[in-house]
Amino acid sequence: MDMEEFKNKLVIVVRNDLKLSPGKLSVQVAHAAVSCALSAKRDKDRYFKNWYSEGQKKVVVKAKDLRELYELKVIAEGLDLTTSLIEDAGLTEVPPGTVTCLGIGPGPNAEVDKVTGGLPLL
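Structural notes, computed from the coordinates. Everything quoted here is computed from the prediction, not taken from an experiment.

On to the overall build of the chain. Helix and strand counts for the chain come out as 4 helices and 4 strands. Ordering the α and β elements of the chain from the N terminus gives β-α-α-β-α-β-β-α. Principal-axis analysis of the C-alpha atoms places the extent of the chain at approximately 40 × 25 × 25 Å. Split into buried and exposed, the 122 residues of the chain put 46% on the buried side. In the chain, the proportion of contacts linking residues at least 24 apart, taken out of those at least 6 apart, comes to 75%. If you sum the accessible surface of the chain, you get close to 6600 Å²; carbon and sulfur atoms cover 55% of it. Positive and negative side-chain charges in the chain, numbering 17 and 17 respectively, have mean positions lying 1 Å apart.

So this is what it looks like as structure tokens:
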């Protein structure tokens with residue numbers, strides 16, 4: 001399947017200001033991907049099924065800070081996209097309740113891009 005065949009994606013937006021270790025960052029991204037996928041399967045089954053059948057395209061991008069994450073969440077929800085804000089348990093690198101990333105989707109590329117298309121890749 002080439003890239004043009006992907007019509008749906010899930011994007012995870014990470015906070016660039018936290019400077020998490022690669023391992024910690026990976027786990028937070030995984031939390032966001034799983035949370036969004038399960039929510040979409042429950043609430044937006046058509047988007048989930050299309051995304052899943054295409055190979056579950058995921059993209060990780062970065063936001064400046066917590067404020068930008070919240071702004072993106074509001075925009076995504078206004079477009080009726082699934083979102084999941086991830087808060088860390090605080091057992092290792094950051095205090096409990098620290099918001100680390102935001103999952104958006106899965107959903108149609110064009111809709112998700114309205115929210116995250118201008119953000120830099122991680």
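There is more to say after this.
Attention shifts here to the packing of aromatic side chains. With the rule as written, the count across this model stands at 2 aromatic pairs. When the ring of Phe-48 is compared with that of Trp-51, the centres are 5.9 Å apart and the planes differ by 55 degrees; the resulting orientation is tilted. Placement of both Phe-48 and Trp-51 in helix H2 (residues 45–53) is noted, with a separation of 3 residues, approximately one turn of the helix. An identical accessibility class is assigned to Phe-48 and Trp-51; each is buried.

On to the pattern of salt bridges, then. Going through the model one piece at a time under the given rule, you end up with 9 salt bridges. Note that Arg-42 is salt-bridged to Asp-43, the shortest N-O span being 3.0 Å. When its relative accessible area of 61% is taken as the criterion, Arg-42 is described as exposed. The residue Glu-71 makes a salt bridge to Arg-67 at a minimum N-O spacing of 3.1 Å. Pair noted here: Glu-71 and Arg-67 are both in helix H3 (residues 66–78), with a separation of 4 residues, about one helical turn. A relative accessible area of 62% means that Arg-67 is categorised as exposed.

Residues Ile-12, Val-14 and Cys-101 are the most contacted members of the largest nonpolar core, which totals 16 residues. Those elements that place two or more of their residues in this core are strand E1 (8–15), helix H1 (22–43) and H2. For this core, the element with the highest residue contribution is H1, accounting for 7 residues. Contacts of Cys-101, omitting those with residues within four sequence positions, involve Ile-12, Val-13, Val-14, Gln-28, Val-29, Ala-32, Leu-69, Ser-84, Leu-85 and Ile-86.

The subject of this paragraph is the sheet that holds strand E2 (residues 58–63). Judged by pairing direction, the sheet is mixed, and its 4 strands sit side by side in the order E2-E1-E4-E3 without closing on themselves. Where the open sheet ends on each side, the last strands, each with one partner, are E2 and strand E3 (83–87). The mean angle between the axes of side-by-side strands here comes to 20 degrees, regardless of whether they run parallel or antiparallel. Note that E1 and strand E4 (residues 99–108) share 6 bridges and pair antiparallel. By the bridge assignment, Ile-12 is partnered in E4 with Gly-103.

Their axes nearest at 6 Å, the elements H1 and H2 cross at an angle of 125 degrees. Between H1 and H2, the angle is such that the two are oblique. Residues Ala-37, Ala-40, Lys-41 and Asp-43 of H1 lie in contact with H2, whose contacting residues are Asp-45, Phe-48 and Trp-51. Residue composition of the contact of H1 with H2, grouped by class: 4 nonpolar, no polar and 3 charged.

Cut-off values and rules
- Starting from 1, residues in each chain are numbered consecutively following that chain's sequence as written.
- For this predicted model, a pLDDT threshold of at least 70 governs which residues receive local features, and a threshold of 80 or more governs which side-chain atom pairs are given and counted, while totals over whole chains, interfaces and linings are taken from all residues.
- Only hydrogens and water are set aside when side-chain values are computed; all heavy atoms of the structure are taken into account.
- Under the scheme used here, helices are H or I runs from DSSP no shorter than 4 residues and strands are E runs no shorter than 2 residues, and both carry numbers assigned from the N terminus.
- Throughout this description, buried means an accessible area under 20% of the type-specific maximum (1.4 Å probe, protein chains only), exposed means over 50%, and partly exposed covers the range between.
- Any two residues whose heavy atoms approach within 4.5 Å are treated as being in contact.
- Note on areas: these come from Shrake-Rupley sampling with a 1.4 Å probe, and a residue is covered only by the protein chains present in the view.
- Only four residue types enter the tally: Lys and Arg on the positive side, Asp and Glu on the negative side; His and the chain ends are excluded.
- Note that the charge is assigned to NZ on lysines, CZ on arginines, CG on aspartates and CD on glutamates.
- Stacked, tilted and edge-to-face are the three classes assigned to paired rings of Phe, Tyr and Trp, where Trp is represented by its six-membered ring and a pair needs centres within 6.5 Å; plane angles under 30 degrees give stacked, over 60 edge-to-face, the rest tilted.
- For this document, the term salt bridge refers to a Lys or Arg side-chain nitrogen within 4 Å of an Asp or Glu carboxyl oxygen.
- Nonpolar cores were defined as sets of buried Ala, Val, Leu, Ile, Met, Phe, Trp, Tyr and Cys residues, with membership established by side-chain atoms within 4.5 Å.
- Only when DSSP finds a minimum of two bridges between them are two strands counted as paired.
- Orientation is described by lines fitted to C-alpha atoms, with helices fitted over the stretch in contact, and by angles between N-to-C directions that extend from 0 to 180 degrees.
- Angle categories: roughly parallel below 35 degrees, roughly antiparallel above 145, roughly perpendicular from 65 to 115, and oblique for all the rest.
- Under the grouping applied here, Gly and all other residues not named as nonpolar or charged are polar, the nonpolar ones being Ala, Val, Leu, Ile, Met, Phe, Trp, Tyr, Cys and Pro and the charged ones Asp, Glu, Lys and Arg.

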